[in-house]
Amino acid sequence: MASRADNIASSLSLSNFSKATELKQRIWFTLGALVVFRFLSFVPLPGVNPLILQDLYEQTRGGVLDLFNTFSGGSLERMSLIALGVMPYITASIVVQLGAALHPALAALKKEGESGRKKLNQYTRYGTVGLTAVQGYFLAVGLETYAASSGLNAVVDPGLLFRIGAVISLVGGTMFLLWLGEQITSRGIGNGVSLIIMAGIVAQFPTVGAQLMEGGRSGSIPSYLIVMLFVVIIGLILFISFMERAQRRLLIQYPKRAQQRGGMQADRSHLPLKLNTSGVIPPIFASSLLLLPLTITQFAGNSVTPDSTMGGILVTLNQYLQHGQPLYMLLYAVGIIFFCFFYTAVVFNPEETAENLKRGGGFIPGIRPGRNTANYLDYVLTRITVIGAAYLTLVCVLPEYVIAQTGLPFFLGGTSLLIVVNVTVDTIAQIQSHLLAHQYGDLIKKAKFKGRLR
């Protein structure tokens, strides 16, 4: 029989949304913050010429810059104040998470609870500032090098002052985005940083859609290919939505406890294990590592000659690691599978979970508490991670093959679809939670009112 909570959750509708004033305020705040993010993406760095820098980005297209530009909503292409987006923060947070799993001192901080979490967040912010400063400095040097080699006035006044100003502007832009994301998380709806990344990706959909329609009208892109593309995208979205919600639920049994009427009842619960525990981290890491040689080749093209040994190596890597090449897709798939298992092992500790169950008196039926439970959890997690890695590989490699065969825009890849679908599903789940809490509040008020009348 369905519980009262299940009945309420199934009856959620738009009429309930109109009565949830706090939820509407949170949604409006989130939309306003995303508008501010899009406005900042059009504010250029001081001392640069955005029109000339457009030529630089076209020359370096296809490298790791495409990945950064996709997640920043085109800010890197326009060389805006938030050109680096929140990628330095993501990198720093991943490094801190890895350190908390491998380093004893950081692991001890993680176990301290709320105070330890605040310290780890502070370390993440320090790392974000450092990474943004380093990346901003090399970005400024790269702009000056391009301006000097091409003879174009891409930088108005190159020199130390320009580099310092660029680094300060980029650090300020990234930290402002981080603060804006935190405000969305606390005062809005959904995860702020994830919503900022998704907004940057979605903002490019109209432009690419217009390009596809124009290509179909002019005949450069066959009409059947456009229809097939939309069918594939819709199919991938449905498939990703299903797989991201999939989980293996392990039955947890607790000892029998005495009831008020003198009977004994055993409590039962479930331990949910997500099919894709690692999220979108494996595709991001794998694509970044594979695109790094291509980006180095593009930036070092003016200083390294193809006749030299180093130049020949870079040129060869550039040829074999292009998008759509068999070697690239093979290494991409291997990288995704490796980071799936690696990151899952970092974020989920079977021994710690088994110890927590033992302390709470819970156990898996048929499995002894302690070491046997840890081994069983590791066995189950490994099996579902195989399925999760195969799912991520299919979702990410299939669009790469389609892009290579059709020449479609890069950001339509599986990583972008994963981020958009993941963030959308999580945000909708939070909206439903707010609606459910609002409906529970109405029921409690009605119950109190009836009690007073009686």
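Residues numbered from 1 in each chain as written. Predicted model: local features only at pLDDT ≥ 70, side-chain atom pairs only at ≥ 80, totals over all residues. Heavy atoms only, no water.

(A) Fine view of the overall build of the protein. Per the secondary structure count, the protein includes 19 helices and two strands. Expressed as a percentage of its 454 residues, the buried residues of the protein come to 42%. Sequence-distant contacts in the protein: of pairs separated by 6 or more residues, those separated by 24 or more amount to 72%. Carbon and sulfur atoms provide 63% of the accessible area of the protein, an area that totals close to 24,700 Å². (Helix = DSSP H or I, 4+ residues; strand = E, 2+ residues; numbered from the N terminus. Buried < 20%, exposed > 50% of the residue type's maximum accessible area, 1.4 Å probe, protein only. Contact = heavy atoms within 4.5 Å. Areas by Shrake-Rupley, 256 points an atom, 1.4 Å probe, with all protein chains shown as cover.)

(B) Just the side chain of Ser278, in detail. Inspection of the secondary structure assignment puts Ser278 in the loop between strand E2 (264-274) and helix H14 (281-299). Dropping the residues within four chain positions of it, Ser278 is found in contact with Cys340, Tyr343, Thr344 and Leu392.

(C) Spotlight on the packing of aromatic side chains. One pass over the structure, following the stated rule, counts six aromatic pairs. The interplanar angle of 70 degrees and the centroid separation of 5.6 Å between the aromatic rings of Phe239 and Tyr391 together place this pair among those described as edge-to-face. With Phe239 in helix H13 (residues 223-245) and Tyr391 in helix H18 (residues 371-406), the pair connects residues that are 152 residues apart, well separated along the chain. On the basis of relative accessibility, which here comes to 29%, the residue Phe239 falls in the partly exposed class. Judged by centre distance (5.2 Å) and plane angle (70 degrees), the ring pair of Phe338 and Phe339 falls under edge-to-face. (Phe/Tyr/Trp six-rings, centres within 6.5 Å; stacked < 30°, edge-to-face > 60°.)

(D) Representation of the environment of Val420 in the model. Inspection of the secondary structure puts Val420 in helix H19 (residues 414-453). Classification of Val420 as buried rests on a relative accessible area of 13%. With 221 residues separating them along the chain, Val420 and Ala199 place their C-alpha atoms 8.5 Å apart.

(E) Highlighting helix H16 (residues 326-347). For H16, spanning 22 residues, the distance from its first C-alpha to its last is 32 Å, which sits close to the expected 32 Å at 1.5 Å a residue. What H16 keeps buried is the set Tyr328, Met329, Tyr332, Ala333, Gly335, Ile336, Phe339, Cys340, Tyr343, Thr344 and Val346. Projected onto a plane normal to the axis of H16, the buried residues spread over an arc of 165 degrees and lie on a single side. Structural note: H16 exposes Pro326, Leu330, Phe338 and Ala345 on the side pointing more than 90 degrees away from its buried face. (Expected span 1.5 Å × (residues − 1). Arc of directions from axis to C-beta.)

(F) Layout of a nonpolar patch on the surface. On the surface, a nonpolar cluster with roughly 460 Å² of combined accessible area is contributed by Tyr320, Leu327, Leu330, Leu331 and Val334. When residues in the nonpolar patch are grouped by element, the largest group, four residues, is from H16. With respect to the helices and strands, Val334 occurs in helix H16. The class for Val334 is partly exposed, based on a relative accessible area of 47%. (Patch = residues over 30% accessible without salt bridge, like charges linked within 9 Å, V, L, I, M, F, W, Y side chains within 5 Å. Salt bridge = Lys/Arg side-chain N within 4 Å of Asp/Glu carboxyl O.)

(G) Up close: the layout of surface pockets. By volume, the largest pocket is sized at about 1,400 Å³. Considering the residues around the largest pocket, the lining is formed by 44 residues, among which Ser93, Gln97, Asn191, Ser194 and Tyr343 are closest to the centre. Among the elements of the structure, helix H7 (87-102), helix H9 (114-150), helix H10 (160-187), helix H11 (192-202), H13, H14, H16 and H19 are those that each provide at least two residues to the lining of the largest pocket. At eight residues, H7 tops the list of elements feeding residues into the lining of the largest pocket. For the lining of the largest pocket, the per-class residue count stands at 20 nonpolar, 16 polar and eight charged. Mapped onto the domain boundaries, the lining of the largest pocket takes at least three residues apiece from domain 1 (21-203) and domain 2 (222-256 + 265-446). (1 Å grid on protein atoms, 1.4 Å probe; cavity = no way out; pocket = protein on both sides within 12 Å on 5 of 7 lines; lining within 4 Å. Points joined across faces, edges and corners; volume = space filled by probe spheres on them. Nonpolar A, V, L, I, M, F, W, Y, C, P; charged D, E, K, R; others polar. Domains from an automatic or database assignment.)

(H) Structural detail: the nonpolar core. Among the nonpolar cores identified, the biggest contains 71 residues, and Tyr332 and Leu418 are the most heavily contacted of them. At ten residues, the largest contribution of residues to this core is made by H18. Taken domain by domain, the makeup of this core includes at least three residues from each of domain 1 (21-203) and domain 2 (222-256 + 265-446). Once you skip the residues sitting within four places of it in the chain, Tyr332 turns out to touch Pro283, Ala286, Ser287, Leu290, Cys396, Val397, Glu400 and Thr415. Counting 13 residues, the second largest nonpolar core, distinct from the first, contains Ala83, Ala140, Leu143 and Phe162. (Core = buried A, V, L, I, M, F, W, Y, C linked by side-chain atoms within 4.5 Å.)

(I) Quick peek at the pattern of salt bridges. Tallied over the entire structure, the rule returns five salt bridges. With its nearest N and O atoms 3.8 Å apart, the salt bridge here joins Glu244 to Lys274. A residue pair is termed long-range when its members are at least 10 positions apart, and Glu244 in helix H13 and Lys274 in strand E2 qualify at 30 residues. Given a relative accessible area of 6%, Glu244 falls into the buried group. On the accessibility criterion, Lys274 (38% relative accessible area) is partly exposed. The shortest N-O distance in the salt bridge between Glu351 and Arg371 comes to 2.8 Å. On the criterion of sequence distance, the pair formed by Glu351 in helix H17 (residues 350-359) and Arg371 in helix H18 is long-range, its members being 20 residues apart. Take Glu351: its relative accessible area is 47%, and that puts it in the partly exposed class. In this structure Arg371 comes out as exposed when scored by relative accessible area, which is 52%.

(J) Examining the confidence of the model for the protein more closely. On average, residues of the protein carry a pLDDT of 77, and 74% of them reach 70 or more. Averaged pLDDT values over the elements of the protein bottom out at 43 in helix H1 (residues 4-10) and peak at 90 in H10. (pLDDT = per-residue confidence, 0-100.)

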